[in-house]
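Understanding the architecture of this molecule
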Amino acid sequence: MAIALVLAWGILGTAAGCGVAELNSVWERHLLFEEEPFMSIPTWLPVVLCGFLFGLLAQQKGITITVTIHSIWLVTLVQIAMFDLRWRLILDIVTYPTTVAAVALSPLVTGLSPINSLEGVAAGLLMLTPFALGGMFSGEDVAFGWGDVKLGGLMGAMLGISTSTWRFPALYAIVLGAVLGGIVIVVLLAAKRLSWHQAVAYGPFLAAGGIATMFLF
């Protein structure tokens, strides 16, 4: 892949990251959060992440229609991760329309179809719903919420599964994100930076699993 095209795609990703930072700021003002955020996120972080991921994706796979669509999903997942880290909230205004868009655009993605995409949605929702139900009935502050369930459905739409060909990228993404989150939580507990009764935002780990899977499939 020509270095100039990789750099150009990386610059496009940087611009998209600027859009993520600005959009998150606008939503924060619009939603009028009265509580203090759970974490301070530097405004440059989504900018750097999107620029790096765009460039890496272009370098690895070239610039195709599939890469273009995956780049849009990368921006979406970065937005979700940043907002969830800061506010422990995944916005329906992001997950619902993007899930519909992912199913609609699936015929343009190599190896994906609307059926595969819808199967991925169903699989993502079914995998994470028990965790959200468990947290709801426990009455405690837990890691998994319904926003994470919707994120699982969104990732399923983006990556899809195929029972006929035994390809399950959406499931791999969710499992990878869950394992990554579990490792980080264990490390934080061991370092006494987290208590057993303190929940963490799990959306960023799921999003990381989705992003990693886009590079693998």
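All of these numbers come straight from a predicted model, not from anything done at the bench.

Along the protein chain, the regular secondary structure elements total eight helices and zero strands. Its helices and strands in sequence order give the protein chain the pattern α-α-α-α-α-α-α-α, from N to C terminus. With respect to the three principal axes, the spread of C-alpha positions in the protein chain is 50 × 40 × 35 Å. For the protein chain, restricting intrachain contacts to residue pairs at least 6 apart in sequence, the fraction spanning at least 24 positions comes to 75%. Here the protein chain has roughly 11100 Å² of accessible surface; of this, 72% comes from carbon and sulfur atoms. Positive and negative charge centroids in the protein chain, built from 8 and 11 side chains respectively, lie 9 Å apart.

L77, L151, M158 and L206 are the most contacted members of the largest nonpolar core, which has 56 residues in total. Among the elements of the structure, α1 (3-31), α2 (44-61), α3 (65-87), α4 (92-105), α5 (114-138), α6 (146-159), α7 (169-190) and α8 (203-216) are those that each provide at least two residues to this core. The greatest single-element share of this core, amounting to 12 residues, is contributed by α3. When residues no more than four places from it in sequence are discounted, the contact partners of L206 are L128, F144, D148, L151, M155, A173, I174, G177 and A178.

Relative to the 42 Å expected for 29 residues at 1.5 Å per residue, α1 spans 41 Å between its end C-alpha atoms, a close match to the ideal helical length. When α1 is considered as a whole, its buried residues turn out to be V6, W9, G10, G13, G17, V20, N24, W27 and E28. Its buried side turned inward, α1 meets α2, α3 and α4.

Here we take up the confidence of the model for the protein chain. Predicted confidence across the protein chain gives a mean pLDDT of 91, with 95% of residues reaching 70 or more. Predicted confidence in the protein chain is weakest over α5, with a mean pLDDT of 89, and strongest over α4, with 97.

With that settled, the discussion passes to the packing of aromatic side chains. Going through the model one piece at a time under the given rule, you end up with four aromatic pairs. One Lys or Arg, R88, reaches over the ring of F38 and ends 4.9 Å from the middle of that ring.

Below, the discussion takes up the environment of G153. Mapped onto the elements of the fold, G153 is located in helix α6. For the pair G153 and A199, spaced 46 residues apart in sequence, the C-alpha to C-alpha distance is 22 Å. Discounting residues that sit within four places of it in the chain, G153 has contacts with T99, V121, G124 and L125.

Inspection of every chain in the model, using the stated rule, returns two salt bridges. Between E28 and R86 there is a salt bridge, with its nearest N and O atoms 2.7 Å apart. Remark: R86 occurs in helix α3 and E28 occurs in helix α1; sequence separation between them is 58 residues. A relative accessible area of 18% places E28 in the buried class. Here K150 and D92 are joined by a salt bridge, their closest N and O atoms 2.9 Å apart. Taken together, the residues K150 in helix α6 and D92 in helix α4 connect sequence positions 58 residues apart. Residue K150 is classed as partly exposed on the basis of its relative accessible area, which comes to 24%.

Rules of the game
- Residues numbered from 1 in each chain as written.
- Predicted model: local features only at pLDDT ≥ 70, side-chain atom pairs only at ≥ 80, totals over all residues.
- Heavy atoms only, no water.
- Helix = DSSP H or I, 4+ residues; strand = E, 2+ residues; numbered from the N terminus.
- Contact = heavy atoms within 4.5 Å.
- Areas by Shrake-Rupley, 256 points an atom, 1.4 Å probe, with all protein chains shown as cover.
- Lys, Arg positive; Asp, Glu negative; His and termini not counted.
- Charge placed at Lys NZ, Arg CZ, Asp CG, Glu CD.
- Core = buried A, V, L, I, M, F, W, Y, C linked by side-chain atoms within 4.5 Å.
- Buried < 20%, exposed > 50% of the residue type's maximum accessible area, 1.4 Å probe, protein only.
- Expected span 1.5 Å × (residues − 1).
- pLDDT = per-residue confidence, 0-100.
- Phe/Tyr/Trp six-rings, centres within 6.5 Å; stacked < 30°, edge-to-face > 60°.
- Lys NZ or Arg CZ within 6 Å of the ring centre and 35° of its normal.
- Salt bridge = Lys/Arg side-chain N within 4 Å of Asp/Glu carboxyl O.

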